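Structure assessment
Spelled out from the first residue to the last, the chains are:
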Amino acid sequence: MAKKALVTGCLGNLGCYVTERLLSEGYHIIGIDNDTRGRMLGASVIRSVAHLASRKNFYLNQWDIRDPLLEQLIKASKFDLIVHCAAQVSHPHSIDVPVEDFEINAHGTLRLLEYVRRHSDDSIFVHVGSAKIYGENVDAFPEIELPSRYDYDGDFNGISESCSFDRTVKTPFGASKAYADLIAQEYGMLYGLKTVVLRPSCFVGKYTVPSLLQRWEAWIMLNILKGEPVRIFGYKGKQVRDILHCEDLVNAIMLMIANLPKKGDVFNIGGGRNNSLSVLECIELVKEVTRLSPKDIIYDEKRPGDWRVYITDNSKLIRHYPNWHTSWGLGRIFVELYQNLVKLVEVSEPRV
């Protein structure tokens, strides 16, 4: 019999990739997504339905992750695999909706794990968490200021799983994702469920729908394509992130499904140093790819929970899965972003 999988947040930036990959591997998939992102951030993922609706062995339930019907679905289906991508995804937006953020990210994850424990305790459970759990502790390491970026001082490799996420501002999003992270660990270590937690930094792909409050690199490109000002929040635009392509993230998930780590284990995952760039460097790369320049750059205040530098230390992941690597570099990532975002706007003639 074909294996069965549940993918929550199946229409999202990552969920689409997970769904397509599992379908190609012969899974029968039920997807859960009600486009909460569109309601909250004004950046609907509903267009992703077109990518998946015609696929054989895929069925979409437009439910909220908090819907109690989910328990009956898990009880009836007894999935072989659950990949939990659904979330309230924006850390700045969570400041305005802390209760709903917690209900979705924390309580929604707890309910899902409890349904699995009651009715489908042999399921593999992959929880897609967030590096935002670490909060502003990531800036406690020695850093230097360079002409176009902040960076780590010395030979520091980046943020590993040993970074504390205690006693630091992380926004309600970081706090709710920290709870979801910890409870997924607990259900693995205490109850014996086959849980694994991933803590990605920034990831993009062809299904990325940017907004001001999430997917900053794509939002910068979209604003330049539309001839609108680029807005920078603090740090003079020198803040640095590493960028991972969704395909590389899915490759890690597939390796974990094939060779499970210990129950409740956690892994940071990101683009690493080679895929790191500042906001200023991002603007320059967008200019190179699109041959367009920003209409204007507006400098605004730093937002709570934002970092100067976040580069992922992938060492633990690579020790466990030595065949994993980042196959998408920044140039390739940004060319694909351009090819897909340009479809969202009408660009008549190049501006310089």
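Described in the following lines is the structure provided in the data block. Predicted model, so just to flag it, every value in this text is computed and none were measured.

So, how was this worked out
- Residues numbered from 1 in each chain as written.
- Predicted model: local features only at pLDDT ≥ 70, side-chain atom pairs only at ≥ 80, totals over all residues.
- Heavy atoms only, no water.
- Helix = DSSP H or I, 4+ residues; strand = E, 2+ residues; numbered from the N terminus.
- Expected span 1.5 Å × (residues − 1).
- Contact = heavy atoms within 4.5 Å.
- Polar contact = N/O pair within 3.5 Å; in protein donor to acceptor, adjacent residues only side chain to side chain.
- Salt bridge = Lys/Arg side-chain N within 4 Å of Asp/Glu carboxyl O.
- Buried < 20%, exposed > 50% of the residue type's maximum accessible area, 1.4 Å probe, protein only.
- Pairing = 2+ DSSP bridges.
- Axes fitted to C-alpha atoms, helices over the stretch in contact; angles between N-to-C directions.
- Phe/Tyr/Trp six-rings, centres within 6.5 Å; stacked < 30°, edge-to-face > 60°.

The next thing to look at is helix H10 (residues 279-290). Helix length check: H10, at 12 residues, gives a terminal C-alpha distance of 16 Å against a target of 16 Å (1.5 Å per residue), a fit within 8%. Contact partners of the buried residues in H10: helix H8 (216-226), strand E10 (230-233), strand E13 (276-278), strand E14 (297-300) and helix H12 (330-341). The N-cap residue of H10 is Ser-278: its side-chain oxygen and the backbone nitrogen of Leu-280 are 3.4 Å apart. Arg-291, located one to two residues past H10, shows a positive phi value of around 60°.

Attention now moves to the pattern of salt bridges. All chains considered together, the criterion is met by 21 salt bridges. Two residues, Asp-151 and Arg-273, come together in a salt bridge whose shortest N-O distance is 2.8 Å. Of the two residues, Asp-151 sits in strand E7 (residues 150-152) while Arg-273 sits in the loop between strand E12 (265-269) and E13, which places them 122 residues apart along the sequence. Asp-151 gets classed as buried once you look at its relative accessible area, which sits at 8%. Judged by relative accessible area, which is 38%, Arg-273 ranks as partly exposed. In this structure, the salt-bridge partner of Asp-300 is Arg-231, at a minimum N-O distance of 2.6 Å. Within this pair, whereas Asp-300 is found in strand E14, its partner Arg-231 is found in strand E10, the two being separated by 69 residues in sequence.

Let us look at the sheet that holds strand E8 (residues 194-200). Sheet strands line up and pair through hydrogen bonds in the backbone, either parallel or antiparallel. Pairing is parallel across the open sheet formed by seven strands, whose spatial order is E3-E2-E1-E4-E5-E8-E12. Each edge of the open sheet carries a strand with a single partner, namely strand E3 (58-61) and E12. Between one strand and the next, the sheet's axes are offset by a mean angle of 15°, whatever the strand orientation. With four bridges joining them, strand E1 (residues 4-8) and strand E4 (residues 81-84) adopt parallel strand pairing. Bridging from a neighbouring strand, Val-7 pairs with Val-83 of E4.

Counted by the stated rule, this structure contains nine aromatic pairs. Taking 6.2 Å as the distance between ring centres and 65° as the angle between the ring planes, the aromatic pair formed by Tyr-134 and Phe-165 counts as edge-to-face. With a gap of 31 residues between them, Tyr-134 in the loop between strand E5 (124-128) and strand E6 (143-145) and Phe-165 in the loop between E7 and helix H7 (171-189) connect regions that are remote in the sequence. Note on Tyr-134: relative accessible area 0%, which makes it buried.

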